[in-house]
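Below, each chain spelled out in residue letters.
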Amino acid sequence: MKTYKHLFEDKVGFIYNGTHYNNKSYTMNYYNLVKDILDGTHGTKIPTGSELVKMFGATVYTKYDDMPDSVKMRNLYKELGDIYVLTNKDISGFNAAIDRISKTLGTSVKFLQD
C-alpha cells in the first residue's frame, strides 16, 4: 500500500545530537533542549560558570531580577527549576543560540525549516 501521510507533515524543529525536537512551538523546542542539556541527556560535558553563561547567552537567566523589565512585565520567560528561559526570541534568534550551544559542546545540529 502506498503511503501519502508523510506529504502532509511539516518539517519543524531541529535535530540536536541525534534527538529530534519537533514540538509545534519552537520556544518549547528550545526550552526542552536547555532542559536536556542541563539534565545531561546528551551525554556531553556541561561547562560551568562563565562558559555556561556565554553558551546560553541572553536566553537563560539565573536571577529573576537580572531579566529585562519588559520580559518580566510580559511574562516572556518559562521557569526551569531555579532558572529562567526566555521565550521572546524568534526562530532565527533561537537558531543562533542553538548553533552557539552546538559549537560550545561540539555536537551536531540540523535545522529542519523548509
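Anyway, here's the lowdown on the structure attached to this text.

Criteria and thresholds
Residues numbered from 1 in each chain as written. Predicted model: local features only at pLDDT ≥ 70, side-chain atom pairs only at ≥ 80, totals over all residues. Heavy atoms only, no water. 1 Å grid on protein atoms, 1.4 Å probe; cavity = no way out; pocket = protein on both sides within 12 Å on 5 of 7 lines; lining within 4 Å. Points joined across faces, edges and corners; volume = space filled by probe spheres on them. Helix = DSSP H or I, 4+ residues; strand = E, 2+ residues; numbered from the N terminus. Buried < 20%, exposed > 50% of the residue type's maximum accessible area, 1.4 Å probe, protein only. Contact = heavy atoms within 4.5 Å.

1. Section: the layout of surface pockets
Gaps left between atoms show up when a probe the size of a water molecule is rolled over them.
Thinking step 1. Approximately 170 Å³ is the volume found for the largest pocket.
Thinking step 2. Lining the largest pocket, in full, are Leu-38, Leu-52, Val-53, Phe-56, Gly-57, Val-60, Tyr-61, Thr-62, Lys-63, Asp-66 and Ile-83.
Thinking step 3. Mapped onto the lining of the largest pocket, the elements with two or more residues apiece are helix H2 (49–56) and strand E3 (60–61).
Thinking step 4. The leading source of residues in the lining of the largest pocket is H2, at three residues.

2. Considerations on the environment of Val-71
Thinking step 1. Note that Val-71 resides in helix H3 (residues 69–73).
Thinking step 2. With a relative accessible area of 2%, Val-71 lands in the buried category.
Thinking step 3. Note: C-alpha distance between Val-71 and Tyr-30 (41 residues apart in sequence) is 17 Å.
Thinking step 4. If we ignore the near neighbours within four places in the chain, the residues touching Val-71 are Leu-76, Tyr-77, Leu-86 and Asn-88.

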